[in-house]
Amino acid sequence: MARGIKKEKNKKKKFLIIFIILVVIITIGLFVFKKVNRNTENDENKIAVQLVSILTGSADNSQNRFSGVVVSQKTIKLQKEENRTVKKVYVEVGQAVKAGDKLFEYDTDEVSAKIDQETLEVEKLQNAITNAQKQIESINSAKAENPTGDHTSYNLEIQTQENEIKQTQYNITAKNNEIKRLRKSLQNTVIKSEIDGIVQSINDSEHSDTSDMGMGDTQDNSYMSIMQTGQYRIKGIINEQNMFSISVGEKVIIHSRVDENITWTGTIESIDTSNPEKNSDGYGYMVMGEDSSNKSSKYPFYITLDSMDGLMMGQHVYIEKNIGQTEKKEGIWLSNYFITEENGEYFVWIANKKDKLEKRKIKVGDKNEESGEYQILEGLTNEDYIAIPQENLTEGLDVNKFDTLDVPVNIDMTTDDMVVEENNPVVQDGTITPEEGTTEIPAVPETLPQTSAEAIQ
């Protein structure tokens, strides 16, 4: 009996110990959870600041990029003359030709036969005029023999013959013009190439064949087209949503896809908004930042190259605007997005030694108008951490330091404190668009939200 009571007490004691342990574990867990949650909330309330050396080293990655392809500078499209038959074709698709080489020849037998036929028609018409003139003479003789009679019927018949003569003379003129045209065509029976190039397409029943030669999917109704060789340009594709980001006359840099350090320079010569590209073009690429489900129109734009050395027909490349990003600069060059101006003085929001936010005066030098960067002369080093200006920033706020380009976005980009007074972009639904009445967007640091045209990595 006593042994049973003792056993029961030990059992209750074990349960009590287990209960106490569980309470301790739960208490510790709640304490840790609250502390972590509190730290997370504190981090969220802190102002994100970034290392200056990261920001100033990211200029090359901040530019919008587009895919492009090397195409011919010129393409000759030859139309076959109506009602003429091609007797012989001297070339094939893909064949290289020189200026002056024979391309195709018209059938002259058919033209010669038609000239003979038209000549006979002219002779018949001339005979008809001679006969009509004789009838008029006969009618006038009859009128003379009857001077006092009614001449109404005679006059009507003479008028009819004269009208027929005029109509016949008109027909003779038309026939003679046709004969001249046909005879002239006999002098151009062999069509020759005007340029050095490659036969891109031949469209007829016997030689119906085409080759895009890196030009993409295009509709060509010409009889034959010759693509010039030796003279190249770059063809890019841009989405209609990003049309405002480029303009004719702008300088660009072309990067090799194989080696990023191999570059060429050029100028945008045209943007062809009248010929939208098909969704399934022959390039096999899309405008940067473009989602595959995007059904908006795409348009080609063309770039005149400063040098074509090392380029090949059909070579795929990357295109970006030239804002001086490849030039080596001395010192610190900082985007104007991180700088405020007050009464002619410049400031940045910086993390001080106590990891508190501080508004520091800086001295600036030259400004790159294209990239929107200022040269920093005093007040900032590559080891400092800075924040993008916001209306709610005050000195003494806690900061959260980042040594990477990717940071939490808590930025109001429409603040009036920024140095940029014109062409400030507006962030809407993750897409950067210019203010009303502007056409360009200045270079944007990669700390901002992803744009609709982010760089292809």
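No experiment lies behind these values; they were computed from the predicted model shown. All residue numbers here refer to positions counted from 1 along the written sequence of the relevant chain. Side-chain atom pairs in this predicted model are given and counted only at pLDDT of 80 or more, local residue features only at pLDDT of at least 70, and totals for whole chains, interfaces and linings cover all residues. Only hydrogens and water are set aside when side-chain values are computed; all heavy atoms of the structure are taken into account.

Take the overall build of the protein next. Runs of H or I in DSSP of at least four residues are treated as helices and runs of E of at least two as strands, each being numbered from the N terminus. Assigned secondary structure in the protein consists of four helices and 24 strands. By the burial criterion, 37% of the 457 residues in the protein qualify as buried. Note on definitions: a residue-residue contact is assigned when non-hydrogen atoms from the two residues lie within 4.5 Å. Within the protein, counting contacts between residues at least 6 apart in sequence, those at least 24 apart form 75% of the total. Only the protein chains shown count as cover for residues, and the accessible areas themselves come from Shrake-Rupley with a 1.4 Å probe. Summing over all exposed atoms, the protein offers an accessible surface of approximately 27100 Å²; the carbon and sulfur share of this is 47%. Residue exposure (1.4 Å probe, protein chains only): buried if accessible area is under 20% of the type maximum, exposed if over 50%, otherwise partly exposed.

Read once around its circumference, the closed barrel built from six strands follows the order E2-E11-E14-E13-E12-E15, with strand pairing classed as antiparallel. Strand-to-strand twist of the sheet, defined as the mean angle between neighbouring strand axes without regard to direction, takes the value 45°. The pairing of strand E2 (residues 65–72) with strand E15 (residues 316–321) spans five bridges and is antiparallel. Of the residues in E15, the one forming a bridge with Phe66 is Ile319. At least two bridges found by DSSP between two strands is the condition for calling them paired. Here the axes come from fitting lines to C-alpha atoms, over the contacting stretch only for helices, and the angles between their N-to-C directions go from 0 to 180 degrees.

Take the packing of aromatic side chains next. Two rings belonging to Phe, Tyr or Trp (six-membered ring only in the last case) form a pair when the distance between their centres is within 6.5 Å. Interplanar angles under 30 degrees mark stacking, angles over 60 mark edge-to-face geometry, and anything in between is tilted. One pass over the full model with this rule turns up four aromatic pairs. Centre to centre, the rings of Phe66 and Phe301 are 6.0 Å apart; their planes meet at 80°, and the pair counts as edge-to-face. Residue Phe66 is found in strand E2, and its partner Phe301 is found in strand E14 (residues 298–305); the two are separated by 235 residues along the sequence. Judged by centre distance (5.5 Å) and plane angle (50°), the rings of Tyr346 and Tyr374 are tilted. Of the two residues, Tyr346 sits in strand E18 (residues 345–351) while Tyr374 sits in strand E20 (residues 373–378), which places them 28 residues apart along the sequence. Note on accessibility: Tyr346 and Tyr374 belong to one class, buried.

Salt bridges are counted wherever a side-chain nitrogen of Lys or Arg sits within 4 Å of a carboxyl oxygen of Asp or Glu. Under the counting rule described, the total for this entry stands at 13 salt bridges. Residue Arg233 is joined to Glu269 by a salt bridge in which the shortest nitrogen-to-oxygen separation is 2.6 Å. On the criterion of sequence distance, the pair formed by Arg233 in strand E11 (residues 232–239) and Glu269 in strand E13 (residues 263–271) is long-range, its members being 36 residues apart. Since its relative accessible area comes to 17%, Arg233 is described here as buried. Since its relative accessible area comes to 28%, Glu269 is described here as partly exposed. Of the charged contacts in the structure, one is a salt bridge between Glu250 and Lys321, with a shortest N-O distance of 3.1 Å.

For Ser335, the position within the fold is in strand E16 (residues 332–335). By relative accessible area, Ser335 is classed as buried at 11%. Each C-alpha atom of the pair Ser335 and Gln375 lies 9.1 Å from the other, and the pair is 40 residues apart in sequence.

A word on the pairing of E15. A large share of E15 lies buried, amounting to five of its six residues. Pairing geometry for strand E12 (residues 251–256) and E15, over five bridges, is antiparallel. The residue bridging Ile253 from the neighbouring strand is Glu320, located in E15.

Here we take up unusual backbone geometry. Glycine aside, a negative phi is what most residues show, and trans is what most peptide bonds show. A positive phi is found at Asn343, a non-glycine position, where the angle reads about 55°. Topologically, Asn343 is positioned in the loop between strand E17 (340–342) and E18. Even without a glycine there, the phi angle at Asp355 is positive, about 55°. When its relative accessible area of 35% is taken as the criterion, Asp355 is described as partly exposed.

Strand order in the open sheet formed by three strands is E4-E6-E7, with antiparallel pairing between adjacent strands. The sheet terminates laterally at strand E4 (86–89) and strand E7 (190–192), the two strands that pair on one side only. This sheet shows a mean twist of 20° between the axes of neighbouring strands, independent of strand direction. The pairing of strand E6 (residues 102–106) with E7 spans three bridges and is classified as antiparallel. Directly across from Phe104, in E7, lies its bridge partner Ile191.

This paragraph deals with the nonpolar core. Put simply, a nonpolar core is a bunch of buried Ala, Val, Leu, Ile, Met, Phe, Trp, Tyr and Cys residues held in one set by side-chain atoms that sit within 4.5 Å of each other. Within the largest apolar cluster, 18 residues are counted, with the highest numbers of intra-cluster contacts made by Ile234, Ile254, Phe301, Ile303, Leu305 and Ile319. Of all the secondary structure elements, the ones that give two or more residues to this core are E2, E11, E12, E13, E14 and E15. It is E14 that contributes the most residues to this core, four residues altogether. The contacts of Ile234, once residues within four sequence positions are left out, are Gly68, Val69, Val70, Ile254, Phe301, Tyr302, Ile303, Leu305, Val317 and Ile319. Membership of the second largest hydrophobic core comes to 17 residues, among which are Ile332, Tyr346, Ile350 and Ile362.

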